[in-house]
Amino acid sequence: QVQLVESGGGLVQPGGSLRLSCAASRFPVTLNVMGWYRQSPGKDRELVATITNGGTTNYADSVKGRFTISRDNAKKTVFLQMNSLKPEDTAVYYCNYRNLIGPTSIQYWGQGTQVTVSS
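Residues numbered from 1 in each chain as written. Predicted model: local features only at pLDDT ≥ 70, side-chain atom pairs only at ≥ 80, totals over all residues. Heavy atoms only, no water.

## Concerning the overall build of the protein
Formally: The helix count covers DSSP runs of H or I at least four residues long, the strand count covers runs of E at least two residues long, and both are numbered beginning at the N terminus. In this treatment the radius of gyration is a C-alpha quantity, and the globule benchmark scales as 2.2 Å times the residue count to the 0.38 power. Buried, partly exposed and exposed residues are distinguished by accessible area as a fraction of the type maximum, computed with a 1.4 Å probe on protein chains only: under 20%, between the cut-offs, and over 50%, respectively. Note on definitions: a residue-residue contact is assigned when non-hydrogen atoms from the two residues lie within 4.5 Å. When charges are counted, Lys and Arg contribute as positive and Asp and Glu as negative, whereas His and the chain ends are disregarded. Charge placement uses NZ in Lys and CZ in Arg. For Asp and Glu, CG and CD serve respectively.
Looking only at helices and strands, one finds zero helices and 11 strands in the protein. A compact globule built from 119 residues should have a C-alpha radius of gyration of about 14 Å, and the protein, at 14 Å, falls within 12% of that. Along the first, second and third principal axes, the C-alpha set of the protein runs to 45 × 25 × 25 Å. Scored against the burial criterion, the 119 residues of the protein give a buried share of 43%. In the protein, the proportion of contacts linking residues at least 24 apart, taken out of those at least 6 apart, comes to 54%. Across the protein, the 12 positively charged side chains and the 7 negatively charged ones have centroids separated by 7 Å.

## Some words on the pattern of salt bridges
The condition is simple: Whenever a carboxyl oxygen of Asp or Glu lies within 4 Å of a side-chain nitrogen of Lys or Arg, that contact is scored as a salt bridge.
In the structure shown here, the tally under the stated rule is four salt bridges. Ionic pairing is found between Arg38 and Asp89, a salt bridge with its closest N-O pair at 3.0 Å. One end of the pair, Arg38, is in strand E4 (residues 32-39); the other, Asp89, is in the loop between strand E8 (77-82) and strand E9 (91-99), and 51 residues separate them in sequence. Like Arg38, the residue Asp89 is buried in the burial classification. Among the ionic pairs, Asp89 bridges to Arg66, the shortest N-O distance being 2.8 Å. With Asp89 in the loop between E8 and E9 and Arg66 in the loop between strand E6 (57-59) and strand E7 (67-72), this pair connects stretches of sequence that are 23 residues apart.

## Focus: unusual backbone geometry
Positive phi, close to 55°, is recorded for Lys76, a residue that is not glycine. Here Lys76 lies in the loop between E7 and E8. Here the phi dihedral of Ser84 falls at roughly 50°; this positive angle occurs in a residue that is not glycine. The residue Ser84 is located in the loop between E8 and E9 in this model. Accessibility expressed as a relative area gives 40% for Ser84, which makes it partly exposed.

## Digging into the packing of aromatic side chains
Spelled out, the test is: Aromatic rings from Phe, Tyr and Trp, taking only the six-membered ring of Trp, are treated as a pair when their centres fall within 6.5 Å; an angle between ring planes under 30 degrees marks them as stacked, one over 60 as edge-to-face, and anything in between as tilted. To sit over a ring, a charge needs its Lys NZ or Arg CZ within 6 Å of the ring centre and within 35 degrees of the ring normal.
One pass over the full model with this rule turns up three aromatic pairs. Between Phe27 and Tyr97 the ring centres are 5.8 Å apart and the planes differ by 15°, which places this aromatic pair in the stacked class. One end of the pair, Phe27, is in the loop between strand E3 (18-24) and E4; the other, Tyr97, is in strand E9, and 70 residues separate them in sequence. Residue classification places Tyr97 among the buried residues on the basis of a relative accessible area of 0%. Considering the side-chain rings of Tyr37 and Trp109, the 5.1 Å spacing of their centres and the 70° angle between planes classify their relative orientation as edge-to-face. Linking Tyr37 in strand E4 with Trp109 in strand E10 (residues 107-109), this pair joins segments that are 72 residues apart in sequence. The buried category is assigned to Tyr37, whose relative accessible area is 17%. Each residue in the set Phe27, Tyr97 and Tyr108 is aromatic and connected to the rest through ring pairs, giving one cluster. Over the face of the ring belonging to Phe79 we find Arg19, whose NZ or CZ atom lies 4.4 Å from the ring centre. Across from the ring centre of Tyr94, 3.8 Å away, lies the NZ or CZ of Arg45, which sits over that ring.

Here's what the structure looks like:
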């Protein structure tokens, strides 16, 4: 069992910034990937960004150049720096953990944190 606790969501104006954090209770295996996904009403949950334990990143095209994902393995924490925010970034953002070896089919999710971009 992995507990994921998210923080940092809120209300910002277009062009503003937010920094999301997600702390994991433990890493079952060293080789793993953590990421951020988002979901807005009436839409499917979509990938925002992922990062492996070694620092390999992947971003959705819609956020490239604006968002930066990073992690502190010692603190078991992943971050999402969100700059130049747009109204279409409004969604509930969920933290995700998945093993890269062993039981890779098992995923853990945080409770979600609301991000609202509006004037």
